[in-house]
Amino acid sequence: MRVVSTVAEAREALSSLPRPLGFVPTMGALHAGHLELVRAARAQCAAVAASVFVNPTQFGPLEDFERYPRDDEGDRRKLQECGVDLLFAPGVDAMYPPGFSTTVDVGEIGTRYEGAIRPTHFRGVTTVVSKLINVVQADMLFLGQKDAQQTAVLRKLVRDLDFPVRVEIVPTVREADGLALSSRNVYLSPELRAAAPSLHRALQEMLALLRAGKDARAAREQARRLLDPPAIWDYVDLVDMDTFSPLQQLRAPAFIIGAARFGSTRLLDNLMVAAE
Ligand code: AMP
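Residues numbered from 1 in each chain as written. Predicted model: local features only at pLDDT ≥ 70, side-chain atom pairs only at ≥ 80, totals over all residues. Heavy atoms only, no water.

## Regarding the packing of aromatic side chains
Link 1 in the chain: As enumerated under the stated definition, the model contains 7 aromatic pairs in all.
Link 2 in the chain: Ring plane angle 45° and centroid distance 6.2 Å describe the contact between Phe53 and Tyr96, whose orientation is recorded as tilted. Within this pair, whereas Phe53 is found in the loop between strand 3 (47-52) and helix 3 (72-81), its partner Tyr96 is found in the loop between helix 4 (92-95) and helix 5 (114-117), the two being separated by 43 residues in sequence.
Link 3 in the chain: Ring centres of Phe59 and Tyr68 lie 5.7 Å apart, and the angle between their planes is 75°; this geometry places the pair in the edge-to-face category. (Phe/Tyr/Trp six-rings, centres within 6.5 Å; stacked < 30°, edge-to-face > 60°. Helix = DSSP H or I, 4+ residues; strand = E, 2+ residues; numbered from the N terminus.)

Below you can see the structure in the form of structure tokens.
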């Protein structure tokens, strides 16, 4: 595996990789969920590039950018073991050199749910992913369903700006008790870790209630009660898969989305309701 840290090195190294090329962007602190994206890319592409970049512009001023978990050595080892051909691991200056000022904004979809709670988050994500797509020029972009709204935002970005890349969504990898793997799970105390699977259980209950014919509002009110204390909901809802506008009744394709605070750690989860 070749490791590069500048845009020029990345372009040079990428030009000699066989096609199709798959790309897996990450913020590092890699776990089995990230590696599942790499495996999906390996299965479908002749070469795989990954990036590790903790992107400061997608963190709000009071969020955890400084203390976000970092494990450069472990990340390299894991990516190498999974058969990644090229790792792009730029520093902040390589991605945002002095004078950088352009942003990419997808509009309303980026203002709902996560975007309402983290107003500058998706602008940071879409700006950095636009840069990464331009640098890597991959044929396929692999994203995790775990971050459902991010997948909808990035699919819209690719569509609206005609980026010549196909987006593949990889199902969420979970712990045995249902908790979705996340780099932020390391923040959870034993008490909060024990409460954390209740987020997934609540979403499953909401899906069961919707399938039994309840409307979204009634299903949400029942599901809300299933979150274990001391966790607090930010939101739980049924949304259209593409626009993230709220739905009153179950119809595919949709996501049931939830976000809750476990102490100072926010956890996200979702269930996909695929079209038949
Ligand atoms: P992050 O490093 O958190 O920015 O995540 C990088 C990519 O890995 C994103 O596309 C995430 O959606 C994906 N990802 C994170 N956690 C999981 C998981 N548990 N299962 C599948 N994909 C995941």
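Next comes the rest of the description.
## Some thoughts on the site of the ligand
Link 1 in the chain: Taken together, the neighbourhood of the ligand is formed by 17 residues, with Met27, Gly144, Asp147, Val173 and Leu181 sitting nearest.
Link 2 in the chain: Contact between the ligand and Met27: an oxygen atom at 2.9 Å from a main-chain N or O atom of the residue.
Link 3 in the chain: One of the backbone nitrogen or oxygen atoms of Leu181 is found 2.9 Å away from a nitrogen atom of the ligand.
Link 4 in the chain: The protein chains hide 92% of the 490 Å² of surface that the ligand would expose on its own.
Link 5 in the chain: Sorting the residues of the shell around the ligand by element identifies strand 2 (21-26), helix 2 (32-44) and strand 5 (140-144) as the ones contributing at least two each.
Link 6 in the chain: For the shell around the ligand, the element with the most residues is helix 2, which contributes 3 residues. (Near = heavy atom within 4 Å. Polar contact = N/O pair within 3.5 Å; in protein donor to acceptor, adjacent residues only side chain to side chain. Areas by Shrake-Rupley, 256 points an atom, 1.4 Å probe, with all protein chains shown as cover.)

## Some remarks on the nonpolar core
Link 1 in the chain: Counting residues in each nonpolar core, the largest one holds 46 residues, and the members touching the most others are Leu14, Leu21, Phe244 and Ile257.
Link 2 in the chain: The leading source of residues in this core is helix 6 (residues 121-136), at 8 residues.
Link 3 in the chain: Among all residues touching Ile257, those that are not within four sequence positions of it are Tyr113, Ala148, Leu203, Tyr235, Val236, Asp237, Val239, Phe244, Asp269 and Asn270.
Link 4 in the chain: Judged by nonpolar contacts, the second largest core, of 28 residues, contains Leu188, Leu192, Ala223 and Leu247. (Core = buried A, V, L, I, M, F, W, Y, C linked by side-chain atoms within 4.5 Å. Buried < 20%, exposed > 50% of the residue type's maximum accessible area, 1.4 Å probe, protein only. Contact = heavy atoms within 4.5 Å.)

## What about the sheet that holds strand 5?
Link 1 in the chain: With respect to topology, 6 strands assemble into an open sheet ordered 1-4-3-2-5-6, the strand pairing being parallel. The strands lining the two open edges of the sheet, one partner per strand, are strand 1 (2-4) and strand 6 (166-170). With strand direction ignored, the average angle separating the axes of adjacent strands in the sheet is 25°.
Link 2 in the chain: The sheet contact formed by strand 2 and strand 3 spans 6 bridges and is parallel. If you follow Pro25 over to strand 3, its bridge partner there is Ser51.
Link 3 in the chain: Here helix 2 sits on the sheet and contacts strand 2, strand 3, strand 5 and strand 6; the angle it forms with strand 5, its principal contact strand, is near 150°.
Link 4 in the chain: On the sheet, helix 3 packs against strand 1, strand 3 and strand 4 (86-88) and is oriented at approximately 170° with respect to strand 3. (Pairing = 2+ DSSP bridges. Axes fitted to C-alpha atoms, helices over the stretch in contact; angles between N-to-C directions.)

## A few points about helix 2
Link 1 in the chain: Taking 1.5 Å of rise per residue, the 13 residues of helix 2 would be expected to cover 18 Å, and the 18 Å separating its terminal C-alpha atoms lies within 8% of that figure.
Link 2 in the chain: Among the residues of helix 2, those classed as buried are Gly33, His34, Leu35, Leu37, Val38, Ala40 and Ala41.
Link 3 in the chain: Lining the buried residues of helix 2 we find strand 2, strand 3, helix 3, strand 5 and strand 6. (Expected span 1.5 Å × (residues − 1).)

## Quick word on the pairing of strand 7 (residues 232-240)
Link 1 in the chain: Buried residues dominate strand 7, accounting for 7 of its 9 residues.
Link 2 in the chain: Across 8 bridges, the pairing between strand 7 and strand 8 (residues 254-262) is antiparallel. Bridged to Val239 within strand 8 is Phe255.

## Examining the side chain of Asn270
Link 1 in the chain: Its location among the elements puts Asn270 in strand 9 (residues 265-273).
Link 2 in the chain: Among the polar contacts listed, one links the side chain of Asn270 to the backbone oxygen of Gln145, at a separation of 2.7 Å.
Link 3 in the chain: Polar contacts involving the side chain of Asn270 include one to the main-chain carbonyl oxygen of Lys146, which spans 3.2 Å.
Link 4 in the chain: The residues contacting Asn270, other than those within four sequence positions of it, are Gln145, Lys146, Asp147, Ala148, Arg174, Leu203, Phe255, Ile256 and Ile257.

Everything listed is a geometric property; what it means functionally is a separate question.
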